[in-house]
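Tertiary structure, described
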Amino acid sequence: IPVEMKDRYLNIIITETERLTKLTSGLMELNQYGGHGKTILDKTDFDINEVIGQTAATFEGACSMKHIVLELVLTGDELFVCADKSKVQQIIYNLTDNAIKFSHNDSSIKIETHVKNGKVFVSVKDSGIGIPKDSISKIWERFYKTDLSRGKDKKGTGIGLAIVREIIQAHGENINVISTEGVGTEFIFTLPFVDVEDD
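It should be emphasised that the depicted structure is a prediction, and the values quoted were computed from it without experimental measurement.

Some remarks on helix H2 (residues 48-57)
- All buried positions along H2 are accounted for by Ile-48, Asn-49, Val-51, Ile-52, Thr-55 and Ala-56. The buried residues of H2 occupy an angular sector of 160° when projected down its axis, which confines them to one face.

What to know about the nonpolar core
- Grouped together as the largest cluster of nonpolar side chains are 34 residues, with contacts concentrated most on Ile-48, Leu-95, Trp-140, Ile-175, Phe-187 and Phe-189.
- Mapped by element, the contributors of at least two residues to this core are H2, strand E3 (80-84), helix H4 (85-101), strand E4 (108-116), strand E5 (119-126), helix H6 (160-170), strand E6 (175-180) and strand E7 (184-192).
- Looking at this core, the element that brings in the most residues is H4, giving six residues.
- Those residues in contact with Ile-175 that lie beyond four places of it in its chain are Leu-95, Trp-140, Val-164, Ile-168, Phe-187, Ile-188 and Phe-189.

A closer look at H4
- Across its 17 residues, H4 extends 24 Å between first and last C-alpha, which sits within 8% of the 24 Å expected from 1.5 Å per residue.
- Among the 17 residues in H4, 12 count as buried, and that is most of the element.
- Taken together, the buried positions of H4 are occupied by Lys-87, Val-88, Ile-91, Ile-92, Asn-94, Leu-95, Thr-96, Asp-97, Asn-98, Ala-99, Ile-100 and Lys-101.

Some points on the packing of H2 against H4
- With their axes 10 Å apart at the nearest point, H2 and H4 run at an angle of 50° to one another. Judged on the interaxial angle alone, H4 and H2 are oblique. Considering the relative orientation of H2 and H4, their crossing is right-handed. In contact with Ile-48, Val-51, Ile-52, Gln-54 and Thr-55 of H2, H4 contributes Lys-85, Val-88, Gln-89, Ile-92 and Tyr-93.

Concerning the sheet that holds E7
- Strands sit in the order E2-E4-E5-E7-E6 across an open sheet of five strands; the sheet is mixed. Each edge of the open sheet carries a strand with a single partner, namely strand E2 (69-73) and E6. In this sheet, adjacent strand axes meet at a mean angle of 15° when their direction is disregarded.
- Two strands pair when backbone bridges link them, and E5 and E7 are joined in this way by seven bridges, in the antiparallel orientation. The partner of Val-122 across the bridge, within E7, is Phe-189.
- Running over the sheet, H2 touches E2, E4, E5 and E7 and is turned about 175° from E2.

Quick look at the side chain of Thr-113
- One can find Thr-113 in strand E4.
- Judged by its relative accessible area of 2%, Thr-113 falls in the buried class.
- Separated by 3.2 Å, the side chains of Thr-113 and Asn-49 make a polar contact.

Digging into the packing of H4 against H6
- Running from N to C, H4 and H6 point in directions that differ by 145°, and their axes come no closer than 9 Å. In this structure, H4 meets H6 at a crossing whose hand is left-handed. From H4, Lys-87, Gln-90, Ile-91, Asn-94, Leu-95 and Asn-98 reach across to H6, where they touch Gly-160, Leu-161, Ile-163, Val-164, Ile-167 and Ile-168.
- Looking at the contact of H4 with H6 residue by residue, the class counts come to seven nonpolar, four polar and one charged.

A closer look at the packing of aromatic side chains
- By the definition in use, this model includes two aromatic pairs.
- Ring centres of Phe-59 and Tyr-93 lie 4.8 Å apart, and the angle between their planes is 35°; on these two criteria the pair is classed as tilted. Of this pair, Phe-59 sits in the loop between H2 and helix H3 (60-66) while Tyr-93 sits in helix H4, and the two are 34 residues apart along the sequence.
- With a centroid separation of 5.8 Å and an interplanar angle of 80°, the aromatic rings of Trp-140 and Phe-187 are classed as edge-to-face. Of this pair, Trp-140 sits in the loop between E5 and helix H5 (147-152) while Phe-187 sits in strand E7, and the two are 47 residues apart along the sequence.
- Residue Trp-140 is classed as buried on the basis of its relative accessible area, which comes to 12%.

What counts and how
- Residues numbered from 1 in each chain as written.
- Predicted model: local features only at pLDDT ≥ 70, side-chain atom pairs only at ≥ 80, totals over all residues.
- Heavy atoms only, no water.
- Buried < 20%, exposed > 50% of the residue type's maximum accessible area, 1.4 Å probe, protein only.
- Helix = DSSP H or I, 4+ residues; strand = E, 2+ residues; numbered from the N terminus.
- Arc of directions from axis to C-beta.
- Core = buried A, V, L, I, M, F, W, Y, C linked by side-chain atoms within 4.5 Å.
- Contact = heavy atoms within 4.5 Å.
- Expected span 1.5 Å × (residues − 1).
- Axes fitted to C-alpha atoms, helices over the stretch in contact; angles between N-to-C directions.
- Parallel < 35°, antiparallel > 145°, perpendicular 65-115°, else oblique.
- Left-handed = near helix turned anticlockwise from the far one by under 90°.
- Pairing = 2+ DSSP bridges.
- Polar contact = N/O pair within 3.5 Å; in protein donor to acceptor, adjacent residues only side chain to side chain.
- Nonpolar A, V, L, I, M, F, W, Y, C, P; charged D, E, K, R; others polar.
- Phe/Tyr/Trp six-rings, centres within 6.5 Å; stacked < 30°, edge-to-face > 60°.

Structure representation (structure tokens):
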């Protein structure tokens, strides 16, 4: 390899190594769930607003690079749910990571919480490239990537949303997606609300 080409090839190797590492750890995580309802959940009562704030803070660098504003619209100072805290953190991380990847520069992403009928609804909404109609039902499949995302998400493994769905299903909860190409995407999931004032 010519000396002047070494950096280029080393960067390709680093990028591929990072992608494969991410893929391997993601697959190991998916295999823990197994899709057989055997996922062991460590359920506790915790403040979902605090978890969202902490997770959002980890994306400060990625947001500043693309001039994206991460807007948190959270109900109350504290909002308690009963769920597996680390796994819920993974959901919020994966959804926010996706939103940033597929958002345009100089745009905003809104993460919102509200309570209705004994459930906490968490929404992650972007104004990015959106998901084609014929892909909506396939995005939960392992390794699936839309044609729109292939060019934009070079390091993606196509298993982030599969992990999200496995965690939601293990909790017996729901997740929905609303998306329009060229307008944006919103993911909304539910968790059991805990009224700490009644304790």
